[in-house]
Amino acid sequence: MEFSLLGPIAVTTGSTELSLGPAKRRSVLALLLLQPNTTVPLEQLIDSLWEDEPPEHSRTVVQGHVSRLRATLAEGGAEAYGIELTTHGSAYLLRLPEELIDAHRFGELVALARPEAAPGDAVPLLREALGLWRGPALTGTVTSPPFAAAAHALEERRLTAVEALGRAHGALGEHEQAAAILYSAAVNHPLREGLIAGLMRALFHTGRQSDALEWFHRTRRLLNEELGVDPGERLRHAYEEILRAEAAGGNRQGAGKPGAPGAGSASGGAPSGGAGSQDASGGGRPGAPAADRSPTGGGVPPVGGEGQPPAQGVAGRNAADCGPQAPDTGRTQSGGRDGSGSARGGAAPRLLPRPPARFLGREDQLAALTAVLTDRTTGESPLAVVAGPAGVGKTACAVQWSHLHAGAFPDGQLFADLRGFGEGDEAPPAEILRDFLLALGTPPERVPGSAQAASALFRSLVAERRLLVVLDNASSSAQVRPLLPGGPHCATVVTSRSRLDGLVATDCARPVGLQTLGHEEGAALLGAMLGPERVAEDPAAARELVDLCDGLPLALRAAAAQLTARPRWRLARLAAALRDERRRLALLSAEDTGIAAALRMSVARLSADDARLLSALATSADGHLNASLAAALAGYDPERTQDGLDRLAEMHLVDEEATDVYTISTLTQLFARDDRGEGGEGGTRGTGDGSKGSDRRG
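Predicted model only: the values in this text are computed from it and were never measured.

### Some points on the overall build of the protein
From N to C terminus, the protein includes 28 helices and 16 strands. Looking at the protein residue by residue over its 698 residues, the buried ones come to 54%. Summing over all exposed atoms, the protein offers an accessible surface of approximately 28500 Å²; the carbon and sulfur share of this is 50%.

So this is what it looks like as structure tokens:
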């Protein structure tokens, strides 16, 4: 006879499962099994079975369940296994060999495993232990706090075993196996910092540095949004260790060999949605290629090993303080390059996200970026601003161009999400500069504490390098300026929903605008996502879907996700559903990605006056209006209205097609009409409907 707590509550004899009856009876058995060979007071059973005030006859109910359990166990031959359910006054005792309980066997196997000291033995032990789980612990019990707490405690033990198995595989150098084991745990428990830290290290060891860094940034964002806290020591150290190891030019794949320092720190993961995954072409992407090996043939410094001090900002240093202590980057006094033109020292940092999947079109914009960023006639560092409305694909376009032209920047490619349009705080320049300096090989203790000093050191380090800097999702020109390199061989791409006119005025930035897709391009994107045959079945419906999505790649990708999840649906069926304006925004969402979430982040940046103006514009019958009509709808005077229209146009929430001719897209109208999206508290974050979907890019 065997008792199961690690999944649905069950009792089996041989191949037969005993019938345990209703949830309360199963719950009584579960509580007795959680405390085997221990008397459990009747009052504890009553308190656990009823979350609210128990009924007057609760004692009788519990006694009845115990009586039926006793009979069921007897019918299954409990006596032969040494199992007895007895009454002791006003308490009950389930006497049995504890090895008959799967949770007990699980604990014994985990206790025997020593993932660092004996990883070869630990792997089969931990696999056997985890194999005892058949689903969420205590499934089938009542939903009261005591059972929820017990289930949580068991789940914590399972996750600890998963992490231990990852460490064991890592100690054996089996990082891919660790990745396969730990990825689902990381997805299901995205706030478990120790798990994510191990996952990052495993991804680094398997050559997927960009994935590792994306996990850090995603977890940091979730911690800020869900708990209002910053990453803890373990997660932060894993991030900084990876940056340092990459800057040192270490070999990632297979770096954690058996017995090597830090090998036990591995865990695993699969590629996550990268930067721009909510954008035009940012769906699931293939893993990034492994970085170059160290030119000297040296091994990687221990990632997660001992002897590495925690990275800390050096508060109070100014630029002059840092000058004589600048890190030795291996560059010569005179030039900083060897004969091949690449940076000396460690491998160049390559922080770009993975290339966007199913990227189509945008030839004109890519050509415009090439013209701007490869222009060496001015002797200045070229700067391009990719701007457009939420969901139009700015990040995907910038990342696609960056991968296509990475070879022109042999000293590295830096990437940072500035979090300009999101539910959390935007990234302060000092934080981004710290990441850049670490990636360039600066020891943590030599990173200046002030943004001004860090910016000066950054410009000094890259002055003679051929480096590409991609600054994604910027909120303002002021946020971008401290992050700009100064060397003539560097190039910078900035993406933003704002035009960033300040950068154009003071830094000679060249704007590259992104527009929505036409019918042909939109249908091609649907075909790339769904397969051309499915789109060819109903080209008219495909054109209608493009119209209903306002030609926004993000909305079209969400529509494709709906159709992918419903393989029997024809395109016309989804088009019919999207015609219902009350449902359209909800249907154009996929988990944490959607056009409503993207618009919410834009509207949250508006002042209260501008948010009210946008809501008034949304009442326009056809979305076309001039300043006079806008003033009438909003009840504002002409000057106030014109200023507001200019700010909305700068944020790409309205489009000025010609002089005094403005349009507002249908999806923006639908969002602004909804009381939840009016942004009545203008100027604050999260003034929309409060859902957690957050399209930070696009």
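Next comes the rest of the write-up.
### Regarding the sheet that holds strand S14 (residues 624-625)
What the three strands build is an open sheet, ordered S14-S16-S15; its pairing is antiparallel. Among the strands making up the open sheet, the edge pair consists of S14 and strand S15 (655-658). Pairing of S15 with strand S16 (residues 661-663), which is carried by three bridges, proceeds in the antiparallel orientation. Its bridge partner lying in S16, glutamate 656 is registered against tyrosine 662.

### A short note on unusual backbone geometry
Within the chain, arginine 358 stands out as a residue other than glycine whose phi angle is a positive 55°. Unusually for a residue other than glycine, arginine 362 sits at a positive phi of about 60°. For arginine 362, the location among the structural elements is in the loop between helix H11 (319-322) and helix H12 (363-373). By relative accessible area, which is 7% here, arginine 362 ends up buried.

### A look at the pattern of salt bridges
All chains considered together, the criterion is met by 23 salt bridges. A salt bridge links aspartate 211 to arginine 354; its shortest N-O distance comes to 3.0 Å. On the criterion of sequence distance, the pair formed by aspartate 211 in helix H9 (residues 209-227) and arginine 354 in the loop between H11 and H12 is long-range, its members being 143 residues apart. A single burial state applies to aspartate 211 and to arginine 354, both of which are buried.

### Quick look at the sheet that holds strand S8 (residues 413-417)
The parallel open sheet is built from five strands, whose spatial order is S8-S9-S10-S7-S11. The open sheet is flanked by S8 and strand S11 (510-513), the only strands paired with a single partner. Mean inter-strand twist for the sheet, computed between neighbouring axes without regard to direction, equals 15°. Lying over the sheet, helix H14 (residues 429-439) contacts S8 and strand S9 (468-472), oriented at roughly 155° with respect to S8.

### Points about the environment of proline 8
Within the fold, proline 8 resides in the loop between strand S1 (2-4) and strand S2 (10-13). Distance in space between the C-alpha atoms of proline 8 and glycine 135 is 7.0 Å, their sequence separation being 127 residues. Sequence-distant contacts of proline 8, defined by excluding residues within four places in its chain, comprise Arg134, Pro136 and Thr139.

### A few points about the pairing of strand S5 (residues 84-88)
Pairing of S5 with strand S6 (residues 91-95) involves five bridges; the strand directions are antiparallel. Following the sheet pairing, histidine 88 is matched in S6 by alanine 91. As consecutive antiparallel partners, S5 and S6 are separated by two residues, and within that stretch glycine 89 has a phi angle of approximately 65°, a positive value.

### Focus on the environment of alanine 632
Structurally, the position occupied by alanine 632 is in helix H26 (residues 627-634). A sequence separation of 15 residues divides alanine 632 from leucine 617, and the C-alpha atoms of the two residues are 9.8 Å apart.

### So, the pairing of S9
Counting buried residues along S9, five of its five residues qualify, which places the element largely inside the surrounding structure. Burial of S9 is two-sided: the residues Leu468, Val470 and Asp472 facing one way and the residues Val469 and Leu471 facing the other way are all buried. Direction of pairing for S8 relative to S9: parallel, over a ladder of five bridges. Residue pairing for S9: leucine 414 is matched across the bridge by valine 469. Here S9 runs beside strand S10 (residues 491-496); their pairing, made up of four bridges, is parallel. Residue pairing in the sheet places valine 470 in a bridge with valine 493 of S10.

### Notes on the layout of surface pockets
Each pocket or cavity is described by its volume, and for the second largest pocket that value is around 750 Å³. Every residue lining the second largest pocket is counted, 34 residues in all, and those nearest its centre are Pro389, Gln515, His652, Val654 and Asp655. Taken together, the elements giving at least two residues each to the lining of the second largest pocket come down to strand S7 (383-387), helix H17 (501-507), S11, helix H24 (595-603), S15 and helix H28 (666-673). Taken together, the residues of the lining of the second largest pocket sort by class into 16 nonpolar, 11 polar and seven charged.

Rules of the game
Residues numbered from 1 in each chain as written. Predicted model: local features only at pLDDT ≥ 70, side-chain atom pairs only at ≥ 80, totals over all residues. Heavy atoms only, no water. Helix = DSSP H or I, 4+ residues; strand = E, 2+ residues; numbered from the N terminus. Buried < 20%, exposed > 50% of the residue type's maximum accessible area, 1.4 Å probe, protein only. Areas by Shrake-Rupley, 256 points an atom, 1.4 Å probe, with all protein chains shown as cover. Pairing = 2+ DSSP bridges. Salt bridge = Lys/Arg side-chain N within 4 Å of Asp/Glu carboxyl O. Axes fitted to C-alpha atoms, helices over the stretch in contact; angles between N-to-C directions. Contact = heavy atoms within 4.5 Å. 1 Å grid on protein atoms, 1.4 Å probe; cavity = no way out; pocket = protein on both sides within 12 Å on 5 of 7 lines; lining within 4 Å. Points joined across faces, edges and corners; volume = space filled by probe spheres on them. Nonpolar A, V, L, I, M, F, W, Y, C, P; charged D, E, K, R; others polar.

Without other data, these values stay purely geometric and don't point to any function.
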